[in-house]
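Overview (structure and organization)
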Amino acid sequence: MTPIELQDFGGRYARAWCSQDPASVAAFFSEGGSLSVNDSAAAVGREAIAAVARGFLTDFPDMIVTMDEVAPQGQSAVFRWTFPGTNTGPGGTGHRVRFSGFEQWTFAADGLIGESKGQFDAAEYARQVAHGIAG
């Protein structure tokens, strides 16, 4: 993927997360692609990936994912993002959050994500969900 194609792909991926449509997020992954978050067991396949996305979209109906950067890294790419939203889903706290993280992407032969390993500060995320944004 060229740098311009990667920028376009990353921008469209961020917009998919903002769409409130879990299937739109999953469509960026190969049929047998996988997504793991903070070293959790990988969600494999588009249905499982859509379920992970649905969890975040349900918990944060106003969430916005912004692409901070997407850059090639050897045979893969790193997608850096920021996520502001309000935890107003079922059982939500009503608190605003804003945290950042990244996904390490490996692309499959079809040009879609074959594997994504995501990371963010889980302790800070939990603190913000419970108490809101500091400051």
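Use the structure listed above.
Report on the accompanying structure.

Brief notes about the environment of Ala109
The residue Ala109 is located in the loop between strand 5 (96-107) and strand 6 (113-120) in this model. Linking Ala109 and Ala53, residues 56 residues apart in sequence, is a C-alpha distance of 23 Å.

Describing the nonpolar core
Among the nonpolar cores identified, the biggest contains 32 residues, and Tyr13, Trp17, Met63, Phe83 and Trp105 are the most heavily contacted of them. Put simply, the parts of the chain that give this core at least two residues each are helix 1 (3-18), helix 2 (22-26), strand 1 (29-37), helix 3 (46-59), strand 4 (76-86), strand 5, strand 6 and helix 4 (122-131). In terms of residues, this core owes the most to one element, helix 1, which gives 6 residues. If sequence neighbours within four positions are ignored, Met63 has contacts with Trp17, Cys18, Gln20, Phe56, Leu57, Phe83, Pro84 and Gly85.

A few points about the pattern of salt bridges
Where charged atoms from two side chains of opposite charge approach closely, those side chains can pair. Overall, the coordinates contain 5 salt bridges when judged by the stated rule. With a closest N to O distance of 2.7 Å, Arg46 and Glu31 form a salt bridge. Here Arg46 is found in helix 3, whereas its partner Glu31 is found in strand 1, with 15 residues between them in sequence. A salt bridge links Glu69 to Arg80; its shortest N-O distance comes to 3.4 Å. Linking Glu69 in strand 3 (residues 66-73) with Arg80 in strand 4, this pair joins segments that are 11 residues apart in sequence. The exposure class of Glu69 is partly exposed, given its relative accessible area of 40%.

Here's the deal with unusual backbone geometry
Trans peptide bonds make up most of the peptide bonds, and negative phi angles are found at most residues other than glycine. With a phi close to 65°, Gln20 is a non-glycine residue in the positive phi region. With respect to the element layout, Gln20 can be found in the loop between helix 1 and helix 2. The phi angle at Asp39 is positive, at roughly 65°, despite the residue not being glycine. Position of Asp39 among the secondary structure elements: in the loop between strand 1 and strand 2 (43-44). Judged by relative accessible area, which is 70%, Asp39 ranks as exposed.

Regarding the environment of Ile49
Within the element layout of this structure, Ile49 appears in helix 3. Setting aside residues no more than four positions away along its own chain, Ile49 makes contact with Ala26, Phe29, Gly33, Ser34, Leu35 and Ala43.

Criteria and thresholds
- Residues numbered from 1 in each chain as written.
- Predicted model: local features only at pLDDT ≥ 70, side-chain atom pairs only at ≥ 80, totals over all residues.
- Heavy atoms only, no water.
- Helix = DSSP H or I, 4+ residues; strand = E, 2+ residues; numbered from the N terminus.
- Core = buried A, V, L, I, M, F, W, Y, C linked by side-chain atoms within 4.5 Å.
- Buried < 20%, exposed > 50% of the residue type's maximum accessible area, 1.4 Å probe, protein only.
- Contact = heavy atoms within 4.5 Å.
- Salt bridge = Lys/Arg side-chain N within 4 Å of Asp/Glu carboxyl O.

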